[in-house]
Amino acid sequence: AVVASTLLRGVKSILQGRLLTAPEERLDAMLLLYHMSRESLLPLGLYSSLVEYQAYYDPQLSGPGAPRLWGLVLLSGLVSFFLNLANFLVTKHTSAVMLQVLGNVKVVLSILVSLLIFGNRVSASSAVGCAVTL
């Protein structure tokens, strides 16, 4: 599963790079994001409905703290939008390979921030993996 997801992530980045830079099929980042969002709405909506079915009946969704919770959900969606837009712009102005390299560096930085903020422990093999990634 890990190899398949890595391979598919790379294929997705290569296709995005071609759609953003090829003269005959050139799309801008916002238009590509629009088309990808439309196509992923139905399968992801169905999947979340099946997996998160019990969450629809959570009392916190309609309780006293619901506006704050929904505000955080909206903020999360907004951050995701800008992250996807930034990924498309990086792919357009550099390459799909650079996007993959930056994705790996992002994972390592997330681990380092987790260490600093939460004091999580990292095994020796994880530290070696982070060093090899960098």
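Scroll up to find the structure.
Conventions we followed
Residues numbered from 1 in each chain as written. Predicted model: local features only at pLDDT ≥ 70, side-chain atom pairs only at ≥ 80, totals over all residues. Heavy atoms only, no water. Helix = DSSP H or I, 4+ residues; strand = E, 2+ residues; numbered from the N terminus. Rg over C-alpha atoms; globule rule 2.2 N^0.38 Å. Contact = heavy atoms within 4.5 Å. Areas by Shrake-Rupley, 256 points an atom, 1.4 Å probe, with all protein chains shown as cover. Lys, Arg positive; Asp, Glu negative; His and termini not counted. Charge placed at Lys NZ, Arg CZ, Asp CG, Glu CD. Axes fitted to C-alpha atoms, helices over the stretch in contact; angles between N-to-C directions. Parallel < 35°, antiparallel > 145°, perpendicular 65-115°, else oblique. Left-handed = near helix turned anticlockwise from the far one by under 90°. Nonpolar A, V, L, I, M, F, W, Y, C, P; charged D, E, K, R; others polar. Core = buried A, V, L, I, M, F, W, Y, C linked by side-chain atoms within 4.5 Å. Buried < 20%, exposed > 50% of the residue type's maximum accessible area, 1.4 Å probe, protein only. 1 Å grid on protein atoms, 1.4 Å probe; cavity = no way out; pocket = protein on both sides within 12 Å on 5 of 7 lines; lining within 4 Å. Points joined across faces, edges and corners; volume = space filled by probe spheres on them.

Peer 1: What's the story with the overall build of the chain in this structure? I'm lost.
Peer 2: For the chain, the count of helices and strands is 5 helices and 0 strands. Overall, the chain shows an N-to-C arrangement of helices and strands of α-α-α-α-α. In terms of overall size, the chain is more extended than a compact globule, its C-alpha atoms giving a radius of gyration of 19 Å where 134 residues would be expected to give roughly 14 Å. Taking contacts inside the chain between residues at least 6 apart in sequence as the whole, the part at least 24 apart equals 54%. Just so you have it, the chain exposes about 10,400 Å², and 70% of that area is on carbon and sulfur atoms. Mean positive and mean negative side-chain charge positions of the chain (9 and 6 charges, respectively) differ by 11 Å.

Peer 1: Looking at this structure, I do not really get the packing of helix α1 (residues 2-21) against helix α2 (residues 29-51). What am I missing?
Peer 2: To describe two helices that pack against each other, one gives the angle between their axes and the distance between the axes. With their axes 10 Å apart at the nearest point, α1 and α2 run at an angle of 135° to one another. Taken together, the axis directions place α1 and α2 in an arrangement best described as oblique. In the packing of α1 onto α2, the handedness of the crossing is right-handed. Between α1 and α2, the contacting residues are K12, Q16, L19 and L20 on the first element and A29, L32 and M36 on the second. Partitioning the contact of α1 with α2 into residue classes produces 5 nonpolar, 1 polar and 1 charged.

Peer 1: Explanation requested: the nonpolar core in the structure shown.
Peer 2: Proteins that are soluble and globular tend to have nonpolar side chains buried together. L20, L27, A29, L32, L33, L85 and F88 form the largest nonpolar core, which has 7 residues in total. When contributions to this core are tallied by element, the ones reaching two or more residues are α2 and α3 (66-93).

Peer 1: Whenever I open this one, the layout of surface pockets confuses me. Can you help?
Peer 2: Empty space among the atoms becomes apparent when a probe as large as a water molecule is rolled across them. As a volume, the largest pocket reaches approximately 570 Å³. If you trace the largest pocket, you find 21 residues lining it, with K12, Q16, L83, N84 and N87 closest to the centre. Listed by contribution, the elements that provide at least two residues to the lining of the largest pocket are α1, α2, α3 and α4 (96-118). Taken together, the residues of the lining of the largest pocket sort by class into 10 nonpolar, 8 polar and 3 charged. By volume, the second largest pocket is sized at about 240 Å³. The wall of the second largest pocket is formed by S48, E52, A55, Y56, D58, Q60, L61, L69 and W70. Its residues assigned to classes, the lining of the second largest pocket comprises 5 nonpolar, 2 polar and 2 charged.

Peer 1: Any chance you could explain the packing of α2 against α3 here in plain terms?
Peer 2: For the pair α2 and α3, the least separation of the axes is 9 Å and the interaxial angle reads 125°. In terms of axis orientation, α2 runs oblique to α3. In terms of crossing hand, the pair formed by α2 and α3 is right-handed. For the pair formed by α2 and α3, the contact residues are A29, M30, L32, L33 and M36 on the first element and F81, N84, L85, F88 and L89 on the second.

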